[in-house]
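Below are the chains, spelled out letter by letter.
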Amino acid sequence: SRDFAVGFNFHSHPNSADVISTVEFSQSGEFLATGDKGGRVVIFQREPQGEYNVYSTFQSHDPEFDYLKSLEIEEKINKIRWLPQLHSALFLLTTNDKTIKLWKVSERDKQPEGYNLKDEEGRVKDISKITSLQVPVLRPMDLLVEASPRRVFSNAHAYHINSISINSDCETYLSADDLRINLWNLSITDRSFNIVDLKPDNMEDLTEVITVAEFHPHHCHLLAFSSSTGTTRLCDMRSRALCDQHAKLFEEAVDPASRSFFSELISSVSDVKFSHSGRYLLTRDYLSAKVWDLNMEKKPVETYQVHDYLRSKLCTLYESDCIFDKFECAWNGTDSVIMTGAYNNFFRMFDRASRRDVTLEASREVCKRRAVLRPRRVCIGRKRRESDICVDSLDFRKKVLHTAWHPTDNIIAIAARNNLYIFQDRHSPSGHHGMNVNELDIF
Amino acid sequence: MSACTLVSVSTVLGCHSCFRVDMFSKGTKRKFSDDGGEMSDESLGGANVSSSYNLQRQSLLDMSLIKLQLCHMLVEPNLCRSVLIANTVRQIQEEMTHDGSWQAVTEAFCNGSQSPSERLVATEVLCRSREQDAEPKLFSVISYEGCREEEVVADETLCSVSVSDAASNVCLSESVGHCWETGELRVVESDEETSEGSRLGPGDDDDDDEDDEDEDEVDEEEESSREDSKSMGQVFGTFEIKNGSSGPDSALEELFSDVDASYYDLDTMLTGIQSAPKMGPYDLLDSLAPSHGPPSLGSPSNCRSDLNELDHIMEIIVGS
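Residues numbered from 1 in each chain as written. Chains lettered and ligands numbered in written order. Predicted model: local features only at pLDDT ≥ 70, side-chain atom pairs only at ≥ 80, totals over all residues. Heavy atoms only, no water.

K.L.:
Describe the overall build of chain A, and please don't skip the residues or the numbers.
P.N.:
Helix and strand counts for chain A come out as two helices and 32 strands. Summed over its atoms, the accessible surface of chain A is roughly 20,100 Å², and 48% of this surface lies on carbon and sulfur atoms. (Helix = DSSP H or I, 4+ residues; strand = E, 2+ residues; numbered from the N terminus. Areas by Shrake-Rupley, 256 points an atom, 1.4 Å probe, with all protein chains shown as cover.)

Given below as structure tokens:
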């Protein structure tokens, strides 16, 4: 029988006090970047054997203090997005609440030696002691990976940045905060264009904020953004400069009978991802994940219940603020499986074709090297199996908010607090056959 | 005495917001249950079911209001979360207004069936308002039965929320204030005036001098600012703590620091909020400054009014 996931990498972030806040594979999948609450970025590189090991670490953002407002600006990295790799150097965008940076990560394995005016340590030589001239030469050295900020895009957002997305044209990118979306050129830092503005004239009328924004993978004029009211809008930048008027609005009507005070809260969209094909949109709200066909706005083509057993506990979750947790979602390389996180360090995968799903756990106790992940099950009533876990026993402090799927292969990265788990499918690591969840227990 | 009160307030507030919420959700004796019989046109069985729903709804409202009030002082609050909570509050309020249960609440308060000590909080809130007319008041809907006094005080100073439904044009605070005022406000007013008078003495600082001069304009400004304040925008602003604190105690400062609408970079909203009645005769004069812009952090007059208010509250609690 096939096993679901094997080949497990585990990394604990350098400073174990820092929580991972974002995870992103590079466009080729060779690199994996994580950002944390302390403003640090760690880049992993895939080794020939298939493991991911630390390649580079750098401090991307530092805490700042806004003197005008007397408020701190957190250094937490909200999002990382990779640019396509053109040559040996890597380029990635990182952002905190207010500032976006373009980083260049490059290798250096040679260094110049034999300067005339400086000695080996870089100190200036005494000119009077120089008797002959030499030509400096490049000599091999230990590999050094350097990260340097090439651009800093600042002062364009009055509210907290929640998304960045690089356009398929690779020249522009968007950044979105709670109320506005701006369009940037990667080379120009002192100017950006506002393309969406949800700020009402009177802030007292504010009822909706932007939660996520993303460019279409192929069409450079299309972007999608979701809101706290549960709607996702598709905007066409060709139609007008300001995309407040949407081209399409994806919203599923809520059954009036099941309406409660929490309806809006749980409908708030926490993540939006275009499929690789560009035909579908995946949205995540508090209890479910929905797949939308871009051609149909009225309702999703598929709805997956991630943890519907929480529906009866919404009041408690509201009390503890858990209801505001923003879970991300991901597509696999062939768009046949979607994945998203849950509580208790669980994460879930749904096979779209077979409609089968599985719940797995990312925790040190359960995961050992080369071990196979066993499916977990959450039960509402009595435990039917040893491995079952009751709803009331779930640990809501352990949340898998950030997950990423390799662009082509069956490799996934799961962030659980300050730990990063990387799982690979032993049997079909290259992803040609897709994830086989047929022989797994379902519930 | 007031210093002690402040300290206890800060320790109470230092705890996680969940603590306060737990307090409410764990079997808070409901004012409604006492007045269950007074809820009209419902059979006994129906009343139980609906009052249970009402209790839950009330609990949710209370929880939401607290969530909006207790927020991080150092970092900008999460706008998405605030908007979602505010929308929830608005929804509850609309429903309560439409099904008339808000009216029932105010009537319950007015009946005076509860002893004054139990109605402390309500009274306190009302005491701060000076207007006899039913103008939008900032009030706290939270029932404090069974609470420790410190917590009552804490909520008093922090929990002023104006929740008004522009659509239905029935301001919750308005109706509540109206009832409460007739009931018990009068008792306190004379004290307020006395204290106010002493506070406005010539020996006070510059702010007070300014305020004296502008006193004539107070009512007018307040009228217009109160109009502005009539909206959910209030909810954002009541991160409140309208009173700035210049005390050496950094924790206090943190808790009582003015909420700059600059949290959201919105001057208009700020103006509306800050000019909202700061609860109390002391604040009426203070609110003048805010109507022109954000009050400076830690302005001495604000701090003093805060202390005076607490003194006042303590007097009532102690029953002197």
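Next comes the rest of the write-up.
K.L.:
Give me the lowdown on the nonpolar core, citing residues and values where you can.
P.N.:
In this structure, Ile181, Phe225, Tyr286, Tyr318 and Ile323 of chain A are the most contacted members of the largest nonpolar core, which totals 65 residues. Considering each element in turn, this core owes the most residues, eight residues, to helix α5 (residues 79–98) of chain B. In contact with Phe225 of chain A, not counting residues within four places along its chain, are Ile181, Val196, Leu198, Ile210, Val212, Ala213, Thr231, Thr232, Arg233 and Cys235 of chain A. Val337, Leu373, Ala416 and Phe423 of chain A belong to the second largest nonpolar core, which has 16 residues in total. (Core = buried A, V, L, I, M, F, W, Y, C linked by side-chain atoms within 4.5 Å. Buried < 20%, exposed > 50% of the residue type's maximum accessible area, 1.4 Å probe, protein only. Contact = heavy atoms within 4.5 Å.)

K.L.:
Can you break down the sheet that holds strand β14 (residues 180–185) of chain A residue by residue, with the values?
P.N.:
Residue and element names in this part refer to chain A. Spatially, the four strands line up as an open sheet ordered β12-β13-β14-β15, and their pairing is antiparallel. A single partner strand is all that each edge strand has here, and the edge strands are β12 (163–166) and β15 (188–197). Put simply, the sheet's adjacent strands are angled 25° from each other on average, direction ignored. (Pairing = 2+ DSSP bridges. Axes fitted to C-alpha atoms, helices over the stretch in contact; angles between N-to-C directions.)

K.L.:
Please give an account of α5 of chain B that cites residues and values.
P.N.:
Helical geometry note: an α-helix holds 3.6 residues per turn, so side chains three or four residues apart project in the same direction. Here α5 of chain B is 20 residues long and its end C-alpha atoms lie 28 Å apart, about the 28 Å a rise of 1.5 Å per residue gives. The first or second residue beyond α5 of chain B is Gly100 of chain B, which carries a positive phi of 75°. (Expected span 1.5 Å × (residues − 1).)

K.L.:
Can you explain the sheet that holds strand β20 (residues 271–274) of chain A? Please cite residues and give values.
P.N.:
All names here are of chain A. The sheet built from four strands is open, its strands ordered β20-β21-β22-β23 with antiparallel pairing. Strands at the two margins of the open sheet, each flanked by one partner only, are β20 and β23 (302–305). Each strand of the sheet is rotated relative to its neighbour by a mean of 15°, with strand direction disregarded.

K.L.:
Outline the pairing of β15 of chain A, supporting the account with residue identities and numerical values.
P.N.:
The side chains of a regular strand alternate between the sheet's two faces. Residues and elements named next belong to chain A. Where β14 meets β15, five bridges bridge the pair, whose relative direction is antiparallel. Residue pairing in the sheet places Ile181 in a bridge with Val196 of β15. Counting the residues between successive antiparallel strands, the hairpin from β14 to β15 contains two residues.

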